[in-house]
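Commentary on secondary and tertiary structure
Given next are the chains, with one letter for each unit.
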Amino acid sequence: MAQTRGRGRLTGYWLMLPGALWLGLFFLVPFYSLIAMSLYDPQGSSLTGYDMTWHFANYVDVIQAYWQPLLRSFWYAALATIACLILGYVLAYAIAFKAGRWKNLMLVLVIAPFFTSFLIRTLSWKLILADDGWIVNSLQFLGILGDEGRLLATPFAVVAGLTYNFLPFMVLPLFASLDKVDHRLIEAAGDLYASPRRAFFKVTLPLSMPGVIAGTLLTFIPAAGDYINSELLGSPNQRMIGNVIQNLFTNQGDYAAAGALSMTLMIIITIGVVFSIRRVGTEDLV
Amino acid sequence: MSPLHKLGRWIGDHLVLALGVLVLIYMFVPIAIVALMSFNDPSSRNVYKFDGFTLHNWLNPCEPAGMCSSVARSIEIGLLATLVATILGTLAAFALVRHQFAGRGPLNTLIILPMAAPEIVLGSSMLALFVSAGFGGQLGFWTIFIAHVTFCLSFVIITVRARLSGLDDNLEQAAMDLYATESQTFWRVTFPLVFPGILGAALLSFSLSFDDFIITNLNAGQTVTFPMYVWGVAQRGIPMQVNVIGTAMFVIAVAIVLANELSRRRQAKAAA
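Note that the structure is predicted; figures quoted are calculated from it, not measured.

Our next topic: the overall build of chain A. Counting its secondary structure elements, chain A contains 12 helices and 0 strands. When its helices and strands are written in sequence order, chain A yields α-α-α-α-α-α-α-α-α-α-α-α. Here the C-alpha coordinates of chain A stretch approximately 75 × 75 × 35 Å along the principal axes. Per-residue burial for chain A yields a buried fraction of 50% across its 286 residues. When contacts within chain A are restricted to residue pairs at least 6 apart in sequence, those whose partners lie at least 24 apart make up 69%.

For chain B, the helix and strand inventory stands at 11 helices and 0 strands. When its helices and strands are written in sequence order, chain B yields α-α-α-α-α-α-α-α-α-α-α. For 272 residues, the compact-globule formula gives about 19 Å, and the C-alpha radius of gyration of chain B, at 24 Å, lies well above that figure. Principal-axis analysis of the C-alpha atoms places the extent of chain B at approximately 75 × 70 × 35 Å. For chain B, contacts bridging at least 24 residues in sequence account for 72% of all contacts bridging at least 6. Here chain B has roughly 13,200 Å² of accessible surface; of this, 68% comes from carbon and sulfur atoms. Taking the 15 positively charged and 14 negatively charged side chains of chain B as two groups, their mean positions are separated by 6 Å.

Turning our eyes to something else, we now look at the interface of chain A and chain B. Each partner contributes to the interface: chain A provides 76 residues, whereas chain B provides 84 residues. Across the chain A to chain B interface the summed buried area is about 7,300 Å²; carbon plus sulfur atoms make up 77%. In this structure, the connection of chain A to chain B is made through 0 salt bridges. For the pair chain A and chain B, the interface holds 7 residue pairs in polar contact (both at pLDDT 80 or more). In terms of residue count, the dominant contributor to the side of chain A that touches chain B is helix α1 (residues 11–38) of chain A (20 residues). Classifying every residue of the side of chain A that touches chain B gives 53 nonpolar, 16 polar and 7 charged.

Residues and elements named next belong to chain A. Within the secondary structure, S38 is located in helix α1. Taking the relative accessible area as the measure of exposure, S38 reaches 0% and is therefore buried. Aside from chain neighbours lying at most four places away, what touches S38 is H55, N58, Y59, A256, G259, A260 and M263.

A covalent bond bridging the sulfur atoms of two cysteines is what the word disulfide describes. All names here are of chain B. A complete count under the given rule lists 1 disulfide over all chains for this structure. Put simply, C62 and C68 are joined by a disulfide, and their sulfur atoms are 2.0 Å apart. Disulfide C62-C68: the torsion about the S-S bond is -90°, which places it as left-handed. By relative accessible area, which is 22% here, C68 ends up partly exposed.

Let us look at the packing of aromatic side chains. By the definition in use, this model includes 31 aromatic pairs over all chains. Ring geometry for F210 of chain B and F226 of chain B: centres 6.1 Å apart, planes at 40°, overall tilted. Of the two residues, F210 of chain B is situated in helix α8 (residues 182–211) and F226 of chain B in helix α10 (residues 226–234); the sequence distance between them amounts to 16 residues. The class for F226 of chain B is buried, based on a relative accessible area of 0%. The structure contains a cluster of three or more aromatic residues connected by ring pairs, namely W22 and F26 of chain A together with F141, W142 and F145 of chain B.

Let us now look at the confidence of the model for chain B. Per-residue pLDDT for chain B has a mean of 88; in total, 97% of the residues score no lower than 70. Here the complex is predicted with pTM 0.88, and the ipTM for its interfaces comes to 0.87.

Turning to the environment of L110 of chain B, a few remarks are in order. Among the secondary structure elements, L110 of chain B is positioned in helix α4 (residues 104–116). On the basis of relative accessibility, which here comes to 11%, the residue L110 of chain B falls in the buried class. Separated by 61 residues in the primary sequence, L110 of chain B and K49 of chain B have C-alpha atoms spaced 47 Å apart. In contact with L110 of chain B, not counting residues within four places along its chain, are L23, F27 and L28 of chain A.

All names here are of chain B. On the surface, a nonpolar cluster with roughly 960 Å² of combined accessible area is contributed by L4, L7, W10, I11, L15, L19, V21, L22, I25 and V29. Note on placement: L15 falls in helix α1 (residues 3–37). You can call L15 partly exposed: its relative accessible area is 47%.

Of note, I128 of chain A is situated in helix α4 (residues 118–128). Between the alpha carbons of I128 of chain A and L151 of chain A there is a distance of 9.8 Å; along the sequence they are 23 residues apart. With sequence-adjacent residues up to four places away left out, I128 of chain A is seen in contact with I135 of chain A together with V29, P30 and I33 of chain B.

Under the 1.5 Å per step criterion, the end-to-end length of α1 of chain A is 40 Å for 28 residues, consistent within 8% with the ideal 40 Å. Largest kink in α1 of chain A: about 45°, centred on L17 of chain A, with the proline P18 of chain A one to four residues after it.

A pair of packed helices can be characterised by two numbers: the angle between their axes and the separation between those axes. Interaxial distance between helix α3 (residues 103–111) of chain A and α1 of chain B falls to 9 Å at its minimum, and their mutual angle equals 35°. Two packed elements cross with a definite hand, and for α3 of chain A against α1 of chain B that hand is left-handed. Taken together, the residues of α1 of chain B that come into contact with α3 of chain A (itself represented by M106, L109 and V110 of chain A) are L17, V21, L24, M27 and F28 of chain B. The residue inventory of the contact of α3 of chain A with α1 of chain B, partitioned by class, reads 8 nonpolar, no polar and no charged.

What follows covers the packing of α1 of chain A against helix α5 (residues 119–132) of chain B. At a minimum axis separation of 7 Å, α1 of chain A and α5 of chain B run at an interaxial angle of 80°. As summarised for this structure, α1 of chain A and α5 of chain B are arranged roughly perpendicular, according to the angle between their axes. Touching L25, F26, F27, V29, P30, F31, S33, L34 and M37 of chain A of α1 of chain A are V121, L122, S124, S125, M126, A128, L129, V131 and S132 of chain B, all from α5 of chain B.

Two side chains that carry opposite charge are able to pair once their charged atoms sit near each other. All names here are of chain A. One pass over the full model with this rule turns up 4 salt bridges over all chains. As a salt-bridge pair, K103 and D179 come within 2.9 Å of each other at their nearest N and O atoms. Placement of the pair is K103 in helix α3 and D179 in helix α6 (residues 155–179), with a sequence separation of 76 residues. According to the relative accessible area criterion, K103 is partly exposed, its value standing at 25%. Judged by relative accessible area, which is 36%, D179 ranks as partly exposed. The partner of D182 in a salt bridge is R184, and the shortest N-O contact between them spans 2.8 Å. What makes R184 exposed here is its relative accessible area of 60%.

The rules behind these values
Residues numbered from 1 in each chain as written. Chains lettered and ligands numbered in written order. Predicted model: local features only at pLDDT ≥ 70, side-chain atom pairs only at ≥ 80, totals over all residues. Heavy atoms only, no water. Helix = DSSP H or I, 4+ residues; strand = E, 2+ residues; numbered from the N terminus. Buried < 20%, exposed > 50% of the residue type's maximum accessible area, 1.4 Å probe, protein only. Contact = heavy atoms within 4.5 Å. Rg over C-alpha atoms; globule rule 2.2 N^0.38 Å. Areas by Shrake-Rupley, 256 points an atom, 1.4 Å probe, with all protein chains shown as cover. Lys, Arg positive; Asp, Glu negative; His and termini not counted. Charge placed at Lys NZ, Arg CZ, Asp CG, Glu CD. Buried area = accessible area lost by both parts, 1.4 Å probe. Salt bridge = Lys/Arg side-chain N within 4 Å of Asp/Glu carboxyl O. Polar contact = N/O pair within 3.5 Å; in protein donor to acceptor, adjacent residues only side chain to side chain. Nonpolar A, V, L, I, M, F, W, Y, C, P; charged D, E, K, R; others polar. Disulfide = S-S within 2.5 Å. Phe/Tyr/Trp six-rings, centres within 6.5 Å; stacked < 30°, edge-to-face > 60°. pLDDT = per-residue confidence, 0-100. Patch = residues over 30% accessible without salt bridge, like charges linked within 9 Å, V, L, I, M, F, W, Y side chains within 5 Å. Expected span 1.5 Å × (residues − 1). Bend = angle between axes of the 7 residues up to and from the residue. Axes fitted to C-alpha atoms, helices over the stretch in contact; angles between N-to-C directions. Left-handed = near helix turned anticlockwise from the far one by under 90°. Parallel < 35°, antiparallel > 145°, perpendicular 65-115°, else oblique.

Written out as structure tokens, the structure is:
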């Protein structure tokens, strides 16, 4: 076996050591620092320094002060994830089952938008959704949007931006699990008189659940922490938790509150991830 | 099957594909706009529409103050972070696939975690470390570099690991059977086979580093990378040259990917 080859039993450790050290030093230790920072005395500042006072009240304070953007972040991220799931499933399904020899090309095209900067692409949406742009004008002409109606600086624009930016994160895992689905199972369902619709809901969809879960997590988590879309496409009424954390760090220098808020976000997400994996792992996946 | 059924089937088949292509087109709309705006001749600075065609932006890409230096800074950081992340990540991937050692399970989890945490949390935890270690005043090139290696490392390990575990063991055993030494086997057989994976990981790593804003912004101090430059001008009106950089990046990256794909196909053909 491959595992037993290699010079001596220690080789694995030596190969792993630099990477593990790096992640320990610059990923695990920072997390410890963040926990510590979230418990700093809120009276401190970057000039006077911070005292470690185990100030757990920081958490209560930030949740009381910022529960609105916190809640909004999860709400927007959930909406964007649902939109990504619908668009992404159609695209992944088309690539896996209908693209034929165009499969590889279409996959490359899914990743290609990543090569233009995230910020520039998001700014481009600002132009597409602009108040005198043709989308707004057509919607006004059709009466869907009032004469004073606008898309920019609304929750719609922010959710649309999030959907756009994180769509590839949804498509790739969905494709990976759809591509593995054995076509014979779908044919068998057809042979047993299942309609294509029924075959999809009873065979294809359940088999693609690992991709749905992975895609949902990969979309939801970065979307909940993002603040680029809400800053560029929204207004202060659409502020998400990332905007608040960033602002607390760089403009207000309130490191204790920023740390506590950052940890709060992480804790909620971790609980959500563990819960959804457990739930799906035991019920829907089997 | 009745003709009507056939028609229904044909529409069903092609409808999904058509919808899929529509979603793909949607993904490229903003990029088309960026490319279009790179030829825009704006009448005022804060305008968000196409006023007239010009090559001026392409011929004078470095006109906006500070933009090209920010691009250069991003390239520097990207290359350096990619180099370090690719080396450390490739070694780790070999360890994880080819060697049995204690602690592999926890290590596999440790690798996924940086990708699972939201960027704002990852960024603020690093800032917390730098501040508590007394580097709060020295944020800049090196703190950005450290942050970028950290988030690229996981992606490199996972990409190379996938390539390595998909490798056919028999090729190496055949080489050994033909009396190749261990290092000959590695450099003549294993490494060339893994190399496309390493190259892919490096490309991914560079584009992640070049594009990162959220983590960088927290750890950058006074250093300005290209995304930070774009963020700064987004408030005041964007010089059209930003679109030139965006378009050029896209074209270069797609060219690299296509060249890679072509050479892979040629190799596959030659091998067949």
